[in-house]
Amino acid sequence: MKLLVAALSSELVAFEDELDGFERLVTGPGKLQATYALTRRLDAGGIDEIVVVGTAGALDPEIVGVHDIAAAIQHDVSDVDGIAGQHVSLPPLVSTGRGTATIATGDHFVDDADAVASIRTLGATLVDMETYAYIWVAGQFGVPITVLKAVSDNAQDDAITDWRAAVAACSAVLRDEVRSRYGV
(Lines give C-alpha, C1' and ligand atoms only; values in the text may rest on other atoms or scores of the structure.)
Protein backbone atom coordinates (compact mmCIF):
# COMPACT_ATOMS: atom_id res chain seq x y z
CA MET A 1 0.00 0.00 0.00
CA LYS A 2 1.18 3.51 -0.85
CA LEU A 3 0.44 6.44 1.44
CA LEU A 4 -0.70 9.67 -0.26
CA VAL A 5 0.26 12.49 2.10
CA ALA A 6 -0.58 16.19 2.11
CA ALA A 7 -0.40 18.81 4.83
CA LEU A 8 -3.82 20.28 4.04
CA SER A 9 -7.04 18.92 2.55
CA SER A 10 -7.03 21.82 0.10
CA GLU A 11 -3.89 20.36 -1.49
CA LEU A 12 -5.91 17.21 -2.32
CA VAL A 13 -9.08 18.82 -3.76
CA ALA A 14 -8.35 17.46 -7.26
CA PHE A 15 -7.80 13.92 -5.94
CA GLU A 16 -10.58 11.36 -5.61
CA ASP A 17 -11.32 10.32 -2.03
CA GLU A 18 -10.08 6.83 -2.87
CA LEU A 19 -7.26 5.92 -5.26
CA ASP A 20 -6.55 2.28 -6.00
CA GLY A 21 -3.48 1.15 -4.05
CA PHE A 22 -3.29 4.35 -1.99
CA GLU A 23 -4.31 5.30 1.51
CA ARG A 24 -4.72 9.02 2.23
CA LEU A 25 -3.25 11.03 5.11
CA VAL A 26 -3.68 14.74 5.84
CA THR A 27 -1.16 15.69 8.52
CA GLY A 28 -1.82 19.33 9.23
CA PRO A 29 0.67 22.12 8.56
CA GLY A 30 4.14 22.50 10.02
CA LYS A 31 6.94 20.18 11.07
CA LEU A 32 5.44 19.02 14.37
CA GLN A 33 2.06 18.03 12.97
CA ALA A 34 3.73 16.40 9.94
CA THR A 35 6.06 14.40 12.18
CA TYR A 36 3.33 13.31 14.56
CA ALA A 37 0.79 12.23 11.93
CA LEU A 38 3.25 10.42 9.67
CA THR A 39 4.95 8.66 12.59
CA ARG A 40 1.62 7.43 13.94
CA ARG A 41 0.59 6.08 10.56
CA LEU A 42 3.91 4.41 9.73
CA ASP A 43 4.06 2.87 13.20
CA ALA A 44 0.84 0.99 12.36
CA GLY A 45 2.65 -0.71 9.43
CA GLY A 46 1.60 -1.80 5.98
CA ILE A 47 3.00 1.13 3.96
CA ASP A 48 5.45 0.34 1.13
CA GLU A 49 5.93 3.85 -0.21
CA ILE A 50 5.04 7.42 0.75
CA VAL A 51 3.95 9.88 -1.93
CA VAL A 52 3.75 13.45 -0.66
CA VAL A 53 1.95 16.09 -2.71
CA GLY A 54 1.65 19.74 -1.86
CA THR A 55 2.45 23.34 -2.60
CA ALA A 56 5.71 25.21 -2.23
CA GLY A 57 6.93 28.75 -2.58
CA ALA A 58 9.60 29.47 -5.18
CA LEU A 59 12.68 31.37 -4.07
CA ASP A 60 13.19 32.71 -7.59
CA PRO A 61 10.36 33.92 -9.87
CA GLU A 62 11.48 31.77 -12.82
CA ILE A 63 10.89 28.56 -10.83
CA VAL A 64 7.47 27.16 -11.77
CA GLY A 65 5.70 23.84 -12.19
CA VAL A 66 5.99 20.55 -10.31
CA HIS A 67 9.28 19.54 -8.69
CA ASP A 68 10.45 16.13 -7.50
CA ILE A 69 12.25 16.86 -4.23
CA ALA A 70 15.71 15.34 -3.79
CA ALA A 71 16.58 16.89 -0.42
CA ALA A 72 15.30 19.11 2.36
CA ILE A 73 16.94 21.45 4.84
CA GLN A 74 15.49 23.41 7.74
CA HIS A 75 15.67 27.17 7.29
CA ASP A 76 14.34 28.07 10.75
CA VAL A 77 16.95 26.39 12.96
CA SER A 78 20.52 27.08 13.99
CA ASP A 79 23.08 25.16 15.99
CA VAL A 80 24.85 26.21 19.22
CA ASP A 81 27.31 28.23 17.15
CA GLY A 82 24.46 30.12 15.49
CA ILE A 83 24.93 28.51 12.07
CA ALA A 84 21.64 28.83 10.19
CA GLY A 85 20.19 25.63 8.78
CA GLN A 86 22.12 23.47 11.23
CA HIS A 87 20.15 21.72 13.97
CA VAL A 88 21.80 20.69 17.23
CA SER A 89 20.86 17.01 16.82
CA LEU A 90 19.27 16.43 13.39
CA PRO A 91 21.08 16.11 10.06
CA PRO A 92 21.44 19.39 8.16
CA LEU A 93 20.05 17.74 5.02
CA VAL A 94 17.72 14.78 4.49
CA SER A 95 17.38 13.05 1.13
CA THR A 96 14.70 11.14 -0.75
CA GLY A 97 17.24 9.29 -2.91
CA ARG A 98 15.53 10.63 -6.05
CA GLY A 99 14.42 13.94 -7.49
CA THR A 100 16.35 17.08 -8.36
CA ALA A 101 15.16 20.00 -6.19
CA THR A 102 16.19 21.08 -2.70
CA ILE A 103 13.49 22.53 -0.46
CA ALA A 104 13.88 24.58 2.71
CA THR A 105 11.36 23.71 5.43
CA GLY A 106 10.33 25.94 8.31
CA ASP A 107 7.40 26.41 10.64
CA HIS A 108 6.27 29.74 9.25
CA PHE A 109 4.82 30.75 5.90
CA VAL A 110 7.53 32.63 3.99
CA ASP A 111 6.17 35.78 2.41
CA ASP A 112 8.80 38.48 2.35
CA ALA A 113 11.89 39.33 0.35
CA ASP A 114 14.26 39.45 3.35
CA ALA A 115 13.34 35.93 4.42
CA VAL A 116 13.71 34.69 0.84
CA ALA A 117 17.18 36.23 0.54
CA SER A 118 18.27 34.58 3.78
CA ILE A 119 16.86 31.16 2.83
CA ARG A 120 18.37 31.32 -0.66
CA THR A 121 21.86 31.32 0.90
CA LEU A 122 21.19 27.83 2.30
CA GLY A 123 21.05 26.36 -1.22
CA ALA A 124 17.34 25.68 -1.64
CA THR A 125 15.14 26.67 -4.57
CA LEU A 126 11.76 26.05 -2.89
CA VAL A 127 10.27 26.59 0.56
CA ASP A 128 7.52 24.82 2.53
CA MET A 129 6.50 23.87 6.05
CA GLU A 130 6.62 20.02 6.17
CA THR A 131 8.98 18.28 3.73
CA TYR A 132 12.01 17.99 6.01
CA ALA A 133 9.82 16.26 8.61
CA TYR A 134 8.25 13.88 6.08
CA ILE A 135 11.63 12.81 4.68
CA TRP A 136 13.20 12.44 8.13
CA VAL A 137 10.32 10.29 9.44
CA ALA A 138 10.30 8.12 6.29
CA GLY A 139 14.02 7.53 6.83
CA GLN A 140 13.47 6.48 10.44
CA PHE A 141 11.03 3.81 9.21
CA GLY A 142 13.01 2.84 6.11
CA VAL A 143 10.06 3.61 3.83
CA PRO A 144 10.83 5.07 0.37
CA ILE A 145 9.41 8.55 -0.16
CA THR A 146 8.62 10.68 -3.18
CA VAL A 147 7.83 14.35 -2.60
CA LEU A 148 6.11 16.23 -5.40
CA LYS A 149 5.70 19.97 -4.89
CA ALA A 150 3.83 22.38 -7.15
CA VAL A 151 4.91 26.01 -7.06
CA SER A 152 2.03 28.09 -5.73
CA ASP A 153 3.69 31.44 -5.07
CA ASN A 154 6.98 33.32 -5.10
CA ALA A 155 7.42 33.44 -1.30
CA GLN A 156 7.41 37.24 -1.50
CA ASP A 157 5.05 39.94 -0.28
CA ASP A 158 1.40 38.84 -0.48
CA ALA A 159 2.43 35.19 -1.02
CA ILE A 160 -0.40 33.97 1.22
CA THR A 161 -2.93 35.65 -1.09
CA ASP A 162 -1.24 34.02 -4.09
CA TRP A 163 -1.23 30.63 -2.32
CA ARG A 164 -4.94 30.77 -1.51
CA ALA A 165 -5.72 31.55 -5.14
CA ALA A 166 -3.36 28.88 -6.52
CA VAL A 167 -3.83 25.86 -4.24
CA ALA A 168 -6.67 24.26 -6.26
CA ALA A 169 -4.79 24.65 -9.54
CA CYS A 170 -1.69 23.17 -7.91
CA SER A 171 -3.75 20.22 -6.70
CA ALA A 172 -4.94 19.57 -10.28
CA VAL A 173 -1.37 19.62 -11.62
CA LEU A 174 -0.25 17.28 -8.85
CA ARG A 175 -3.17 14.94 -9.57
CA ASP A 176 -2.03 14.73 -13.20
CA GLU A 177 1.54 14.01 -12.06
CA VAL A 178 0.41 11.18 -9.76
CA ARG A 179 -1.75 9.75 -12.57
CA SER A 180 1.22 9.86 -14.93
CA ARG A 181 3.67 8.26 -12.49
CA TYR A 182 1.40 5.68 -10.83
CA GLY A 183 -1.30 5.03 -13.42
CA VAL A 184 -4.18 5.84 -11.06
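Look up: the structure comes first, before these words.
On a predicted model such as this, the values are computed, not experimentally measured, just so you know. Within each chain, residues carry numbers counting from 1 in the order of the written sequence. Thresholds applied to this predicted model are a pLDDT of at least 70 for local features of residues and 80 or more for the giving and counting of side-chain atom pairs; totals over whole chains, interfaces and linings are not thresholded and use all residues. Side-chain numbers here rest on the full set of heavy atoms in the structure, without hydrogens or water.

Trainee: Could you give me a rundown of the packing of aromatic side chains, with the residues and numbers involved?
Mentor: Ring pairs shown here join Phe, Tyr and Trp side chains whose ring centres sit within 6.5 Å, with only the six-membered ring taken for Trp; geometry is labelled stacked below 30 degrees between planes, edge-to-face above 60, and tilted in between. Taken as a whole and judged by the stated rule, the model has one aromatic pair. Judged by centre distance (5.5 Å) and plane angle (90°), the rings of Phe22 and Tyr182 are edge-to-face. Linking Phe22 in strand E2 (residues 22-26) with Tyr182 in helix H4 (residues 159-182), this pair joins segments that are 160 residues apart in sequence. By the criteria applied, helices consist of DSSP H or I runs no shorter than four residues and strands consist of E runs no shorter than two, each listed in order from the N terminus.

Trainee: Break down helix H2 (residues 113-120) for me, citing the residues and quoting the values.
Mentor: Burial status follows relative accessibility: with a 1.4 Å probe on protein chains alone, a residue under 20% of its type maximum counts as buried, one over 50% as exposed, and anything between as partly exposed. For H2, the full list of buried residues reads Ala115, Val116 and Ile119. Buried residues in H2, looked at end-on, bunch into an arc of 100°, giving them a common side. Next to the buried residues of H2 lie strand E6 (101-105) and strand E7 (126-128). To obtain the arc, one takes the directions from the helix axis to the C-beta atoms. Residues count as neighbours in contact if any of their non-hydrogen atoms are within 4.5 Å of one another.

Trainee: Which residues make up the packing of helix H1 (residues 31-43) against helix H3 (residues 131-141), and what values do they have?
Mentor: Axis lines are fitted to C-alpha atoms, over the contacting stretch for helices. Their N-to-C directions set the angle, which ranges from 0 to 180 degrees. Running from N to C, H1 and H3 point in directions that differ by 25°, and their axes come no closer than 9 Å. Judged by the inter-axis angle, H1 sits roughly parallel to H3. Of the two elements, H1 crosses H3, and the hand of that crossing is right-handed. Where H1 abuts H3, its residues Lys31, Ala34, Thr35, Leu38, Thr39, Leu42 and Asp43 lie against Ala133, Tyr134, Val137, Ala138 and Phe141. Of the residues contributing to the contact of H1 with H3, the split by class is eight nonpolar, two polar and two charged. Our angle categories are set so that under 35 degrees counts as roughly parallel, over 145 as roughly antiparallel, 65 to 115 as roughly perpendicular, and the remainder as oblique. What makes a crossing left-handed is the near helix being turned counterclockwise from the far one by less than a right angle; a clockwise turn instead makes it right-handed. By the convention adopted, Pro, Cys, Tyr, Trp, Phe, Met, Ile, Leu, Val and Ala count as nonpolar, Lys, Arg, Asp and Glu as charged, and the other residues, Gly among them, as polar.

Trainee: So, the pattern of salt bridges: which residues are in play, and what are the values?
Mentor: A pair is scored as a salt bridge if a Lys or Arg side-chain nitrogen falls within 4 Å of a carboxyl oxygen belonging to Asp or Glu. Within this structure, the stated rule accounts for ten salt bridges. Between Lys31 and Asp76 there is a salt bridge, with the nearest N and O atoms lying 2.7 Å from each other. Here the residue Lys31 occupies a position in helix H1, and Asp76 occupies one in the loop between strand E4 (66-74) and strand E5 (94-95), the gap between them amounting to 45 residues. Residue classification places Lys31 among the buried residues on the basis of a relative accessible area of 11%. Each of Asp68, Glu177 and Arg181 takes part in a single network of salt bridges with overlapping partners.

Trainee: Which residues make up the environment of Leu59, and what are the values?
Mentor: Inspection of the secondary structure assignment puts Leu59 in the loop between strand E3 (49-58) and E4. Of the residues examined, Leu59 reaches a relative accessible area of 1% and is grouped as buried. In sequence terms Leu59 and Val110 are 51 residues apart; their C-alpha atoms lie 9.6 Å from each other.

Trainee: Go over H1, please, and point to the residues and values.
Mentor: The span one expects for a helix is its residue count, reduced by one, times 1.5 Å. Spanning 13 residues, H1 covers 18 Å between terminal C-alpha atoms, matching the ideal 18 Å at 1.5 Å per step. Listed in full, the buried residues belonging to H1 are Lys31, Ala34, Ala37, Leu38, Arg41 and Leu42. Projection of H1 onto a plane perpendicular to its axis shows the buried side chains occupying an angular sector of 145°, all on one side. Opposite the buried face of H1, by more than 90 degrees, sit the exposed residues Leu32, Tyr36, Arg40 and Asp43. Turning to H1, the residues buried within the fold contact strand E1 (2-6), E2, E3, E4, E6 and H3. One or two positions beyond H1, positive phi appears at Gly45, with a value near 85°.

Trainee: How would you summarise the nonpolar core if you had to cite specific residues and measurements?
Mentor: In terms of nonpolar packing, the biggest core is built from 29 residues, with Val5, Leu38, Leu42, Ile50, Leu126, Tyr134 and Ile145 touching the most fellow members. Setting aside chain neighbours within four positions, we find Leu42 in contact with Leu3, Ile47, Ile50, Val137, Ala138, Phe141 and Val143. Among the nonpolar cores identified, the runner-up in size contains 14 residues, and Leu4, Leu19, Val51 and Cys170 belong to it. In plain words, nonpolar cores are sets of buried Ala, Val, Leu, Ile, Met, Phe, Trp, Tyr and Cys residues tied together by side-chain atoms within 4.5 Å.

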